[in-house]
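# Secondary and tertiary structure notes
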Amino acid sequence: MSNVQKTKLVVERYNWVERWTHTFHAIAMLVLIFTGLAIYFGWGQLISYHNARLLHMFMVPVLLATNWILVPYGILSHGWQEGGVKGIVKHFYYNYLFNIEDYRRLKGMVLNFFGRQKEYPPYTVYNKATGHYKTKLHPLFKIFIVVEGMAIFLIVITGIVIYAVDWSFIGIPIAEWLLIIFGWISPILNMNGLQFARWLHLALTYFFIAELICHAFILQFSSKNFMYWRSIFVDGKEYLDSPIVQVTDEEEH
Amino acid sequence: MASEKLNMIEQFKNLDILKVDRRTFLKAVAALGATSFVSLYGNQLAAAMSEITETKVLWLHGAECTGCTISALNASSPDFVDALSRLNVSLAFHETLLAPQGIFVDGELVGNSELNVEILLDELVKAGGYILVVEGAIGNGPDGTGKINMIGTHTFKDIYSKAAKNADAIIALGTCATYGGVTVTDSATKRYCDFMGVNQTEQRRGGMNAHLGIRDKPVINLPGCPAHPDWLFLTMAAVILGRIDLNDLSGVLDREGRLKVFYPPTHTIHDNCPRRGFYDRGVLDVRFAEGGCLWKVGCKAPYAHGDCALRKKNSGTSVCMQAGGPCIACVEPIYPNGVMPYYVETESAGILFGINIGTVAALTIGAAVVAAGVHAVRRVNKEK
């Protein structure tokens, strides 16, 4: 049974692992973007090539640790608490994938923005009965997360061949294989594999800048969402009386 | 650099070059260059060559500028003639050097091989047992006739076909012969001319050999515009001395059919560029003759594999970037279409409808900033 009545209850939206994951992810991203551009544009006055490269290389494992270890850990641990393997699947589907409900919410937000709909649709749904979120993130975030995940994967594999064209791991010639794969795609753009890798690495860097602006300043520069700055960086709290939170009271089946 | 070279010479000077394994031989070849290699091992080579029968080389010219021949002729220590004689090579046919003439009477070849170069070529091809050096692309157009590329009354495609089928091995010399080079530059006439490399055209495998059904023929690609004379002579030396097994080239060639020792897959030209220090300091020239790294004025060395920057040209005195000219990646199959405009860095070259990635990024980021501003203003006003 749905219960949309507001409550003064305060719950934990982001636990400390998620907060630190996000913070380190953000720091890694910002440093990688800055140092990458410093190398590309030759900002020798701001930072030397060697320092930029050192920082760049240092931040790569930080990004990978947050993105490929801590984020999956968050998904798995939350999902497991909600109901084992089935809970993990449900948690991932409802919290991270853009579904039909998200489409309706997003449409409502756009209509609200242009004054065609009075109500700003709540996008966070908290279930009091289970003590878990049914869904948490802004619909646009869900799109960003999937696209960003793919973009991170691509920027990592292009970065590998830029780092060393003969990079291997436990004897597996990763860079060589990647260059072969890039070589299949690159003729479309009249490039060789290495050229394509460098081009794509730069293009993805620009993508992350644009995404960062949308993520931080479009989505969060709204009075409705502004409290989540504090939540993700500081205390992790969710005030359930917020207009963008829907509280339900449904027994899970 | 000089001390590095000295160390290399020290490292290799006591080798019995004829007894070492293939890997060490090729390492010495790659590290030392022709001059040092021949001066170090000259006596051993001479002794070995005296026991080796003469190697016949047949050198054909297709669609090209003869630059690779000029480059080979400009070799020094050893020079062209010296290299051939030291390697016990008989240059049986070379159109530029033989001053060939053909004599026809009523459309029939007359004379003998000493007077008539076409008879000479026929006889050499029939006899077989030669290394074929191909310089220049092979014309296939229009419509597969090969008539775009005629030599006398024959298409070069036919000449090449006969010569290639009877060759022991083929050395494709220069980027035109290896990948098409400047002959496959994008143009309105490109598909009518249909120029091909020996085993590959641009990034497409196959080339003229596949078209002619010539399979399993050992082919060594030595691209470059022009190819370095060291690459040719040292390859010949390795082949003649049996240090390169023509029946198993997979270990010594990269994916583009190039010898790994001269075109190392593990390095780019940028890695050893004489101007590399400027790149590391972020001194990136935006105009020519500023003295710094040439990347931003279109240098393609970060995408090109070759030992040019170590081996250098003009008897080891200089290389393109050292002379102030950006690398144009002439050793790569993408040359020239994938490296043009020459003086614009790849990342700034137009990709989609002529728009480069920097412009796309500026528009996208600009749009994101504007959208963020509009969104913020709108939301604040709505709250009021």
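Everything numeric here is computed off the predicted structure, so don't read it as measured data. (Residues numbered from 1 in each chain as written. Chains lettered and ligands numbered in written order. Predicted model: local features only at pLDDT ≥ 70, side-chain atom pairs only at ≥ 80, totals over all residues. Heavy atoms only, no water.)

## Side note on the overall build of chain B
A count of helical and extended segments in chain B gives 14 helices and 13 strands. Here the C-alpha coordinates of chain B stretch approximately 100 × 60 × 35 Å along the principal axes. Of the contacts formed within chain B by residues at least 6 apart in sequence, a portion of 69% connects residues at least 24 apart. Surface summary for chain B: the accessible area is close to 17,100 Å², and the carbon and sulfur share equals 55%. Separation between the mean location of the 36 positive side-chain charges and that of the 38 negative ones in chain B comes to 10 Å. (Helix = DSSP H or I, 4+ residues; strand = E, 2+ residues; numbered from the N terminus. Contact = heavy atoms within 4.5 Å. Areas by Shrake-Rupley, 256 points an atom, 1.4 Å probe, with all protein chains shown as cover. Lys, Arg positive; Asp, Glu negative; His and termini not counted. Charge placed at Lys NZ, Arg CZ, Asp CG, Glu CD.)

## A closer look at a nonpolar patch on the surface
Residues and elements named next belong to chain A. Together, Phe98, Ile100, Tyr103, Ile143, Ile145, Val146, Val147 and Met150 make up an exposed nonpolar region whose accessible area comes to about 660 Å². At the level of secondary structure, the elements contributing two or more residues to the nonpolar patch comprise helix H3 (100-113) and helix H4 (139-163). With 5 residues, H4 is the largest single contributor of residues to the nonpolar patch. Relative to the helices and strands, Tyr103 is located in helix H3. (Patch = residues over 30% accessible without salt bridge, like charges linked within 9 Å, V, L, I, M, F, W, Y side chains within 5 Å. Salt bridge = Lys/Arg side-chain N within 4 Å of Asp/Glu carboxyl O.)

## Re the sheet that holds strand E9 (residues 169-173) of chain B
Residues and elements named next belong to chain B. Taken in spatial order, the 5 strands line up as E2-E1-E5-E9-E13 in an open sheet, and their pairing is parallel. Two strands lie at the open edges of the sheet, namely strand E2 (89-94) and strand E13 (219-222), each paired on one side alone. Going across the sheet, the axis of each strand differs from the next one's by a mean of 20°, ignoring polarity. Sheet topology places strand E1 (residues 55-61) next to strand E5 (residues 130-135); 6 bridges connect them, and they run parallel. Its bridge partner lying in E5, His61 is registered against Glu135. Packing against the sheet, helix H11 (residues 229-240) makes contact with E1, E2, E5, E9 and E13, and its axis sits at approximately 155° to E13. (Pairing = 2+ DSSP bridges. Axes fitted to C-alpha atoms, helices over the stretch in contact; angles between N-to-C directions.)

## A short note on the side chain of Thr135 of chain A
As for its position among the elements, Thr135 of chain A is in strand E3 (residues 132-135). Apart from the residues within four sequence positions on either side, Thr135 of chain A is in contact with Tyr94, Asn95, Arg105, Tyr123, Thr124, Val125 and Lys142 of chain A.

## Looking at the pattern of salt bridges
Residue and element names in this part refer to chain B. Inspection of the entire model under this criterion finds 18 salt bridges over all chains. A salt bridge links Asp186 to Lys190, with the nearest nitrogen and oxygen atoms 2.9 Å apart. You can call Asp186 partly exposed: its relative accessible area is 46%. Asp271 serves as the salt-bridge partner of Arg276, at 4.0 Å between the closest nitrogen and oxygen. (Buried < 20%, exposed > 50% of the residue type's maximum accessible area, 1.4 Å probe, protein only.)

## Some remarks on the interface of chain B and chain A
With 43 residues of chain B at the interface, the matching set in chain A holds 40 residues. When chain B packs against chain A, close to 3,600 Å² is buried across both sides, 62% of that on carbon and sulfur atoms. Put simply, chain B and chain A have 0 salt bridges between them. One can count 9 residue pairs in polar contact (both at pLDDT 80 or more) joining chain B with chain A. Considering only residue class, the side of chain B that touches chain A consists of 17 nonpolar, 13 polar and 13 charged. (Buried area = accessible area lost by both parts, 1.4 Å probe. Polar contact = N/O pair within 3.5 Å; in protein donor to acceptor, adjacent residues only side chain to side chain. Nonpolar A, V, L, I, M, F, W, Y, C, P; charged D, E, K, R; others polar.)

## Quick look at the domain arrangement of chain A
Residue and element names in this part refer to chain A. On domain assignment, one finds that chain A holds domain 1 (10-138 + 219-243) and domain 2 (150-205). Computed over C-alpha atoms only, the centres of domain 1 and domain 2 are separated by 28 Å. Across the boundary between the two partners, domain 1 contributes 12 residues, which contact 7 residues of domain 2. For the pairing of domain 1 and domain 2, the buried interface totals around 720 Å² over both sides, and the portion due to carbon and sulfur atoms is 83%. Where domain 1 touches domain 2, the interface holds 0 salt bridges. (Domains from an automatic or database assignment.)

## Remarks on the domain arrangement of chain B
Assigned domains within chain B: domain 1 (2-240), domain 2 (264-349) and domain 3 (354-384). With centres defined by C-alpha atoms, the gap from domain 2 of chain B to domain 3 of chain B works out at 37 Å.

## Looking at a positive patch on the surface
Together, Arg22, Arg23, Lys27 and Lys260 of chain B make up a region of like positive charge exposed at the surface. With respect to the helices and strands, Lys27 of chain B occurs in helix H2 (residues 22-51).

## A word on helix H1 (residues 16-41) of chain A
Because the α-helix completes a turn every 3.6 residues, residues three or four places apart line up on one side. Residue and element names in this part refer to chain A. When the terminal C-alpha atoms of H1 are compared, their 37 Å separation across 26 residues agrees well with the 38 Å that a helix rising 1.5 Å per residue should span. Among the residues of H1, the N-terminal cap falls to Asn15, whose side-chain oxygen and the backbone nitrogen of Val17 are separated by 3.1 Å. Gly42 sits one or two residues past H1 and shows a positive phi near 70°. (Expected span 1.5 Å × (residues − 1).)

## Brief notes about the packing of H4 of chain A against helix H5 (residues 174-185) of chain A
Residue and element names in this part refer to chain A. Direction vectors running N to C along H4 and H5 enclose 115°, while the axes themselves pass 9 Å from each other. Judged by the inter-axis angle, H4 sits roughly perpendicular to H5. Like other packed secondary-structure pairs, H4 and H5 cross with a definite hand, here left-handed. Taking contact as the criterion, the partners of Ile157, Thr158, Ile160 and Val161 in H4 are, on H5, Ile174, Ala175, Leu178, Leu179 and Phe182. (Parallel < 35°, antiparallel > 145°, perpendicular 65-115°, else oblique. Left-handed = near helix turned anticlockwise from the far one by under 90°.)

## Points about the confidence of the model for chain B
Predicted confidence across chain B gives a mean pLDDT of 88, with 91% of residues reaching 70 or more. Mean pLDDT across the elements of chain B ranges from a minimum in helix H1 (residues 2-12) of chain B, with 56, to a maximum in helix H8 (residues 175-179) of chain B, with 98. (pLDDT = per-residue confidence, 0-100.)

## Digging into the pairing of strand E2 (residues 124-127) of chain A
Residues and elements named next belong to chain A. Burial along E2 is two-sided: the face carrying Thr124 and Tyr126 and the face carrying Val125 and Asn127 are both buried. Strand direction decides the pairing type here: E2 and strand E5 (residues 245-248), joined by 4 bridges, are parallel. What sits directly across from Tyr126, in E5, is Val247. For E2 and E3, the ladder comprises 3 bridges, and the chain directions are antiparallel. Considered in E3, the bridge of Tyr126 is made with Tyr133. Between E2 and the antiparallel strand that follows it, E3, lie 4 residues; Gly131 among them carries a positive phi value of about 75°.

## A short note on the sheet that holds E3 of chain A
Residues and elements named next belong to chain A. Reading across from one edge, E3-E2-E5 is the order of the 3 strands in this open sheet, with mixed pairing throughout. Each end of this open sheet is capped by a strand with a single partner; those strands are E3 and E5. For this sheet, the mean inter-axis angle between neighbouring strands, taken without regard to orientation, is 30°.

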